[in-house]
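Read off the chains here:
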Amino acid sequence: MTTTLAQRRRPAHPGGPAKGRPAGRGGSNVGRPGFVWALPASIFFALFALVPLLAVAVLSFTTWSGLGDPKFVGLKNWEALFADPVMLQSLWLSLLFIVLGIVTQTPLSILLGVWAAGNQKNRAILSAVYFVPLLLSSAAISVLWRALLDPNFGIPGQMSWLFGDGNILGTQTGAIAVLIFVGMWQFTPFHTLIYQGAARQIPPVLYQAASIDGAGTVRQFFSITLPQLKNSIITSVILMVVGGLTTFETVLILTNGGPGTGTTITAFHMYQEAFRRFDFGTGSAIALVLVVISTAISFAVVRLSGYDKMRSSLEGL
Amino acid sequence: MKTRPNYLAGIGAFIWLAIVAVPLYVMLSATFQTRAEFGDNGPLSLPTSFTLQNYVDAVTSGFGRYFLNTIIVTVGVVGLVLLLVPPLSYAIVRSQSRAASAIFRLFLLGLAIPAQAVIVPVFYLINTVGLYDNLLGVILPTAAFALPICTIILSGTMRDITPELYEAMAMDGATPAKSFLRLVLPLSKGGLSTIAVFSALQAWNGFLFPLILTQSESTRVVTLGLFNFQTQFGINIPGLLAAVTLSMVPVLLVYLFARRALVQGLMGAGGK
């Protein structure tokens, strides 16, 4: 039995590796996949993401209502855009949303992330609950909060000492506050996850050394934890900027851009111009503004923070 | 390794738990109450009766069909992702051609393209090829936008396969295709399940592409169904919340059974 197996296996390597492999060619190149393997996915992605990105630039110089073919109109959309008070206001509102989002979510998610990074069993269970909002669609979350905040049947009606007449979404300040809060409810778990992962990477020896030097928990947090989380803070803030700029479902479902145009942020304004007024040229121009701003802000954050020059966060170890 | 209790963070953690859990509790308890009872007692009170009528209402008001559509979209997206991403990641990790590394950089760049930015041209494209109001027209762009993250996750997994294994395969005269099928795929199971779960979540929760690319009831997906239900029957809050709850159940089940894959996928999205 054993001999048969050995005999069978032998012919599988006729002549050994020397045969059939031309000298001078590195052995490590053999059996490597060619560039062809990457083509199907690349073509597919180019078709739906990269070509449209170029197309949106072209479309921003045309007028198109969805019927027939787009017509070239030069700078007309762009001139109209810079004269459009709703557009200018939407940029300020987007900026406000981004800043408020960062200010509310960052301290909370750092605190929760660092806390959840501990090994205690109860923290693992609580973390599992924290992450639930992350799994839900923006649509479901918005519909849920709209129902919870209903002026007649929702929580505000029951807590009039806090919410007054209960129609929170009826004022601009109230509507903005709700959108910021719902954004926090939805996205804090995600950023918590980033900080939790990063906090677990911090070498325990740093804390041990600090303890020996007599540093308390608070001191350790500000002198060790925060500096060590620098990279994660940058990542998280960039994601908040891009996410804040493209917030859409929550605005559509919770406030529909209102009251009036009180919460018409740029991404929502784009949707309205393109798909409610069927002015796809202007919609494309706004879309291009979104891409340029989000790319520029991401670059600026990376540059200003020195992230691009920093190789290791564990220098000196 | 920190054993020192952190009271401030602990208190914050419990407050946040309440903020997350109370709305979810209100949602669940409302779905088991009649509309009249919910209206009288208000959202924060404990339920006094029990009914499943709201779920029946939700299903009969069209959500059965919407669920089927969402399942079709999800299966299509996951299928496409599993078909396209493994060969791409394999080429990125193992090919020595410059083109492959250029493609990887292109996909990294692609992470930064928001769907809103390209929605108008995608709408134009889908219209031109006659896929408007067709679930395939939703599947294609949704899958395309899941590609960058899935590629980053899967090529990360494939990088962990030691080069010696590839070389051993090559010594045996294996073609790239054979190495791919016999070595790479079996050893990438973890990454494959992560991208499957992650792209399924994207597809299940997708809103913008279905909103723009479909219009009729027969192609409506669950997320759009919720939006529509709210605009039409917004006053029936228990019914609405039953529909919301139903839309969450499959995701929560996946979370229970594939938590690691899901969290890894989300971390891949954040830890770029």
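Scroll up to find the structure.
So, here's what we can say about the structure. (Residues numbered from 1 in each chain as written. Chains lettered and ligands numbered in written order. Predicted model: local features only at pLDDT ≥ 70, side-chain atom pairs only at ≥ 80, totals over all residues. Heavy atoms only, no water.)

### Some details on the interface of chain A and chain B
No. 1: With 92 residues of chain A at the interface, the matching set in chain B holds 96 residues.
No. 2: Carbon and sulfur atoms make up 77% of the area that chain A and chain B hide from each other, which totals about 8,600 Å².
No. 3: Looking at the side of chain A facing chain B, the largest losses of area belong to Trp37, Phe48 and Leu135 of chain A, adding up to 10% of the total buried there.
No. 4: On inspection of chain A and its partner chain B, the count reaches 0 salt bridges.
No. 5: Our count for the contact surface shared by chain A and chain B stands at 7 residue pairs in polar contact (both at pLDDT 80 or more).
No. 6: With 14 residues, helix 2 (residues 39-59) of chain A is the largest single contributor of residues to the side of chain A that touches chain B. (Contact = heavy atoms within 4.5 Å. Buried area = accessible area lost by both parts, 1.4 Å probe. Salt bridge = Lys/Arg side-chain N within 4 Å of Asp/Glu carboxyl O. Polar contact = N/O pair within 3.5 Å; in protein donor to acceptor, adjacent residues only side chain to side chain. Helix = DSSP H or I, 4+ residues; strand = E, 2+ residues; numbered from the N terminus.)

### Quick notes on the packing of helix 4 (residues 85-116) of chain A against helix 13 (residues 230-245) of chain A
All names here are of chain A.
No. 1: With their axes 9 Å apart at the nearest point, helix 4 and helix 13 run at an angle of 145 degrees to one another. The chirality of how helix 4 crosses helix 13 is right-handed. Two secondary-structure elements touch here, helix 4 through Ser94, Ile98, Gly101, Ile102, Gln105, Thr106 and Ile110 and helix 13 through Ile233, Val237, Met240, Val241, Gly244 and Leu245.
No. 2: Across the contact of helix 4 with helix 13, the residue classes tally to 8 nonpolar, 5 polar and no charged. (Axes fitted to C-alpha atoms, helices over the stretch in contact; angles between N-to-C directions. Left-handed = near helix turned anticlockwise from the far one by under 90°. Nonpolar A, V, L, I, M, F, W, Y, C, P; charged D, E, K, R; others polar.)

### Notes on the side chain of serine 179 of chain B
No. 1: Counting through the fold element by element, serine 179 of chain B comes out in helix 8 (residues 176-187).
No. 2: Once residues within four sequence positions are removed from consideration, serine 179 of chain B is found in contact with Tyr90, Met169, Ala174 and Val184 of chain B.

### Notes on the environment of alanine 38 of chain A
No. 1: Looking at the element boundaries, alanine 38 of chain A is found in the loop between helix 1 (2-9) and helix 2.
No. 2: For alanine 38 of chain A, a relative accessible area of 0% gives the class buried.
No. 3: When residues no more than four places from it in sequence are discounted, the contact partners of alanine 38 of chain A are Leu88, Ala91 and Ile103 of chain B. (Buried < 20%, exposed > 50% of the residue type's maximum accessible area, 1.4 Å probe, protein only.)

### Considerations on helix 11 (residues 222-233) of chain B
No. 1: Compared with an ideal rise of 1.5 Å per residue, which puts 12 residues at 16 Å, helix 11 of chain B spans 15 Å between its outermost C-alpha atoms and is within 8% of the ideal.
No. 2: By the burial criterion, the buried members of helix 11 of chain B are Val222, Thr223, Leu224, Gly225, Leu226, Phe227, Phe229 and Gln230 of chain B.
No. 3: Turning to helix 11 of chain B, the residues buried within the fold contact helix 7 (138-148) and helix 14 (249-255) of chain A together with helix 3 (53-94), helix 9 (189-205), helix 10 (208-213) and helix 12 (237-257) of chain B. (Expected span 1.5 Å × (residues − 1).)

### Side note on the pattern of salt bridges
A pair can form between side chains of opposite charge whenever their charged atoms are brought close.
Residues and elements named next belong to chain B.
No. 1: Per the counting criterion, the structure on display carries 2 salt bridges over all chains.
No. 2: The shortest N-O distance in the salt bridge between arginine 220 and glutamate 217 comes to 4.0 Å.
No. 3: Take glutamate 217: its relative accessible area is 44%, and that puts it in the partly exposed class.

### Focus: the packing of helix 6 (residues 135-159) of chain B against helix 9 of chain B
In helix packing, the relevant descriptors are the interaxial angle and the interaxial distance, both defined with respect to the helix axes.
All names here are of chain B.
No. 1: Where helix 6 meets helix 9, the axes come as close as 9 Å, and the angle between the chain directions of the two elements is 160 degrees. The orientation of helix 6 with respect to helix 9, classified from their angle, is roughly antiparallel. The chirality of how helix 6 crosses helix 9 is right-handed. Between helix 6, through Thr142, Ala146, Ile149, Cys150, Ile153, Leu154 and Thr157, and helix 9, the contact on the second element is made entirely by Gly191, Leu192, Thr194, Ile195, Phe198, Ser199 and Ala203.
No. 2: In the contact of helix 6 with helix 9, the residues fall into 9 nonpolar, 5 polar and no charged. (Parallel < 35°, antiparallel > 145°, perpendicular 65-115°, else oblique.)

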